[in-house]
Amino acid sequence: MDLNLKINEKNHAEIGGADTIEIAKKYGTPLYVIDEERIRSNYKRVFNAFTKYYSDFKIFYACKANTNLAIMRILEESGSCIDAVSPGEVYTSLKAGFSPERVLFTGNNVTNDELKYVNETGVRINIDSVSQLERLAKIVDPEGYKISFRVNPMVGAGHHEHCITGGEMSKFGIKENEAVEVYQIAKNMGFDPVGIHTHIGSGILDPEPFKLATNVLMDIAGKVASEADIDFEFIDFGGGLGIPYEPKENLLAIDEFAKEITGIFKTKLDKYGMGKPSMYIEPGRYIVGDASYLLTTVNTVKNSYRKFIGVDCGFNTLLRPAMYESYHHIVVANKANDELVEKVDIAGNVCESGDLFGRDRPLPEVEEGDVLAIMNTGAYSFSMASQYNSRPRPCEVLINNGECEIIREKETYEDLFNNQIVPERLKKN
Ligand code: LLP
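The present account deals with the structure reproduced in this document. (Residues numbered from 1 in each chain as written. Predicted model: local features only at pLDDT ≥ 70, side-chain atom pairs only at ≥ 80, totals over all residues. Heavy atoms only, no water.)

With that out of the way, let us pick up the overall build of the chain. When its secondary structure is counted, the chain shows 11 helices and 21 strands. In terms of C-alpha radius of gyration, the chain reaches 23 Å, essentially the compact-globule figure of 22 Å for 429 residues. Dimensions of the chain, computed from C-alpha atoms along their principal axes, come out at roughly 70 × 65 × 40 Å. Taking all 429 residues of the chain together, 55% fall into the buried category. In the chain, 69% of the contacts between residues at least 6 apart in sequence involve partners at least 24 apart. (Helix = DSSP H or I, 4+ residues; strand = E, 2+ residues; numbered from the N terminus. Rg over C-alpha atoms; globule rule 2.2 N^0.38 Å. Buried < 20%, exposed > 50% of the residue type's maximum accessible area, 1.4 Å probe, protein only. Contact = heavy atoms within 4.5 Å.)

This is how it looks when you write it as structure tokens:
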């Protein structure tokens with residue numbers, strides 16, 4: 001199995017050299033535990049794979065996957081740039097120490113106030129629609145202002161329908177067959193369009209759709225370069241690199257992948273005489289996804305019409321299974337190597353029937369008090385958590401060389417009322 005699971009001599013699941021059961025005892029559950037070293041090595045693996053074949057290559061970490069400031073600091077130190085999709089993510093990136101040149105803002109349905117803010121920060125803007133272009137032209141002086149466009153290449157892929165972002169059903173980007181015209185319009189306004197971008201979807205383990213999208217985007221870029229006379233400084237292929245969530249899935253063969261993608265890139269640059277622009281990609285999940293476990297304690301074993309293992313968190317803490325029916329591998333952290341003896345349903349504590357982390361999961365005999373490690377929760381997990389059912393969000397702990405540090409305190413009941421105002425007339429006197 002290619003999942004990032006380590007088990008120590010006590011038969012406990014381990015992360016970053018630390019014993020999950022010790023961590024759960026020390027901090028309580030539910031709890032996100034994140035392995036710093038794994039993030040650093042994931043980053044390096046992608047960076048080394050691509051730079052081996054094309055040296056002017058940059059990673060723009062898609063920080064929507066995990067915006068914790070400590071994680072952002074690790075990536076800043078590693079040399080990453082940032083894909084930011086909202087003014088809040090731009091703000092977070094700058095707070096984490098990224099200089100504006102290292103941040104690319106790719107918004108969707110962006111307001112004028114958001115455009116004003118993003119422009120003032122000095123980060124680069126990747127434009128999603130003609131409307132956004134026209135409104136930006138009223139906010140900034142377009143003369144020589146560098147921009148890029150997100151293009152819908154009519155290729156899409158992803159682990160779930162909600163995560164496919166190319167093709168005719170997608171709200172993202174400008175139409176591929178209008179690209180030349182849109183770049184021309186931008187130039188006529190005085191803008192300096194220097195980049196082209198696409199992102200076809202998320203959670204893709206099959207290299208084929210990427211290869212297709214790379215071919216298509218390069219053909220579009222070639223056409224734009226010659227017909228609208230654009231000299232591209234960068235070409236950005238977006239994110240989407242998948243990780244195995246199920247034991248039967250395999251790791252993306254990153255070296256082979258990088259070789260193929262850069263191969264297409266270089267061939268097309270030559271074909272269209274586009275010089276040597278920078279190559280960007282925007283992985284989120286690949287960098288942080290397999291670097292974390294969500295630890296949760298079993299509080300109820302219920303033999304109903306099915307056998308339910310009830311735990312102390314729910315889809316407010318980890319939404320992916322309820323939202324996309326995503327599989328997250330689950331191990332009993334204090335019986336990590338025990339024989340799997342029965343199939344059970346693992347249910348959260350939210351008052352909805354869809355609040356399940358897995359059905360029919362083969363597990364060892366589970367008892368109340370056992371700790372479960374829900375794997376691959378580094379991406380789109382805390383960042384999608386909520387306070388639904390008035391449950392405060394949990395703590396996050398970073399492991400570095402076996403040592404734990406809290407990087408986010410757990411919320412308190414009082415935090416549930418942040419920014420709420422009860423009008424004077426409704427107050428109980
Ligand atoms: N670039 C852009 C413009 C994006 O919209 C995204 C993700 C990425 C890069 C990074 O994609 P990644 O490498 O992480 O696949 N909540 C969903 C995933 C939504 C992804 C949205 N955009 C999930 O939990 O699977």
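With that out of the way, let us pick up the pairing of strand β11 (residues 192-197). Extensive coverage of β11 is indicated by the burial of 5 of its 6 residues. As defined by bridge partners, β11 adjoins strand β12 (residues 234-236) across 3 bridges and the pair is classed as parallel. Following the sheet pairing, His197 is matched in β12 by Asp236. (Pairing = 2+ DSSP bridges.)

In a pair of packed helices, the angle between the axes and the distance between the axes together describe the arrangement. Across the interface, helix α8 (residues 207-227) lies against helix α9 (residues 254-272) with an axial gap of 10 Å and an inter-helix angle of 15°. By the angle class used here, α8 and α9 are roughly parallel. Here the hand of the crossing between α8 and α9 comes out right-handed. Between α8, through Pro207, Phe210, Lys211, Thr214, Asn215, Met218, Asp219 and Gly222, and α9, the contact on the second element is made entirely by Phe257, Glu260, Ile261, Ile264, Phe265, Lys268, Leu269 and Tyr272. In terms of residue class, the contact of α8 with α9 is built from 9 nonpolar, 3 polar and 4 charged. (Axes fitted to C-alpha atoms, helices over the stretch in contact; angles between N-to-C directions. Parallel < 35°, antiparallel > 145°, perpendicular 65-115°, else oblique. Left-handed = near helix turned anticlockwise from the far one by under 90°. Nonpolar A, V, L, I, M, F, W, Y, C, P; charged D, E, K, R; others polar.)

Attention now moves to helix α6 (residues 130-139). Within α6, the full set of buried residues consists of Gln132, Leu133 and Leu136. For α6, the arc enclosing every buried residue in end-on projection is 100°, short of the 170-degree limit, so these residues lie on one face. Residues of α6 that are buried sit in contact with α5 (112-121), β8 (124-127), β9 (146-152) and α7 (179-189). (Arc of directions from axis to C-beta.)

Another aspect to go through is the pattern of salt bridges. This structure, assessed with the given rule, holds 24 salt bridges. With its nearest N and O atoms 3.6 Å apart, the salt bridge here joins Lys175 to Glu178. The class for Lys175 is partly exposed, based on a relative accessible area of 48%. Taking the shortest distance from any N to any O, the salt bridge between Lys211 and Glu208 comes out at 2.9 Å. One end of the pair is Lys211 and the other is Glu208, both in helix α8 and 3 residues apart, which spans about a single turn. Accessibility expressed as a relative area gives 17% for Lys211, which makes it buried. In this structure Glu208 comes out as partly exposed when scored by relative accessible area, which is 45%. What emerges from the salt-bridge pattern is a single network uniting Arg306, Asp345, Arg359 and Asp360. (Salt bridge = Lys/Arg side-chain N within 4 Å of Asp/Glu carboxyl O.)

Neighbouring residues of the ligand: 20 residues in total, closest His159, Ser202, Glu282, Arg320 and Tyr380. Take Ser202: an N or O atom from its side chain is 2.4 Å from an oxygen atom of the ligand. Within the side chain of Arg285, an N or O atom sits 2.8 Å from an oxygen atom of the ligand. For the ligand, the accessible surface in isolation is 580 Å², of which the surrounding protein chains cover 92%. Class assignment for the residues of the shell around the ligand results in 7 nonpolar, 7 polar and 6 charged. (Near = heavy atom within 4 Å. Polar contact = N/O pair within 3.5 Å; in protein donor to acceptor, adjacent residues only side chain to side chain. Areas by Shrake-Rupley, 256 points an atom, 1.4 Å probe, with all protein chains shown as cover.)

What follows is about the sheet that holds strand β3 (residues 18-19). Neighbouring strands of a sheet are bound in pairs by backbone hydrogen bonds; such pairs are parallel or else antiparallel. Pairing within the open sheet is antiparallel, and its 3 strands lie in the order β1-β2-β3. In this open sheet, the two strands that pair with only one neighbour each are β1 (6-7) and β3.

Turning our attention to the side chain of Thr121. Take Thr121: it is sitting in helix α5. Reaching out from Thr121, the side chain makes a polar contact with the backbone nitrogen of Val123 at a distance of 3.4 Å. Excluding anything up to four places from it in sequence, Thr121 contacts Val90, Leu94 and Pro100.

Judged by nonpolar contacts, the single largest core of 82 residues is most densely connected at Phe50, Tyr61, Phe232 and Ile235. Per-element accounting of this core gives the leading share, 9 residues, to α8. Not counting chain neighbours up to four residues away, the residues in contact with Phe232 comprise Tyr183, Val194, Gly195, Ile196, Ala221, Val224, Ala225, Met274 and Pro277. Judged by nonpolar contacts, the second largest core, of 21 residues, contains Leu3, Ile15, Ala24 and Ile399. (Core = buried A, V, L, I, M, F, W, Y, C linked by side-chain atoms within 4.5 Å.)

Given a rise of 1.5 Å per residue, 16 residues ought to cover 22 Å, and the 23 Å separating the end C-alpha atoms of helix α2 (residues 36-51) matches this to within 8%. Of all the residues in α2, the buried ones are Glu36, Arg38, Ile39, Arg40, Asn42, Tyr43, Val46, Ala49 and Phe50. Measuring from the backbone nitrogen of Glu37 back to the side-chain oxygen at the start of α2 gives 3.1 Å, which picks out Asp35 as the cap. (Expected span 1.5 Å × (residues − 1).)

Such coordinate-based values are descriptive only and should not be taken to indicate function.
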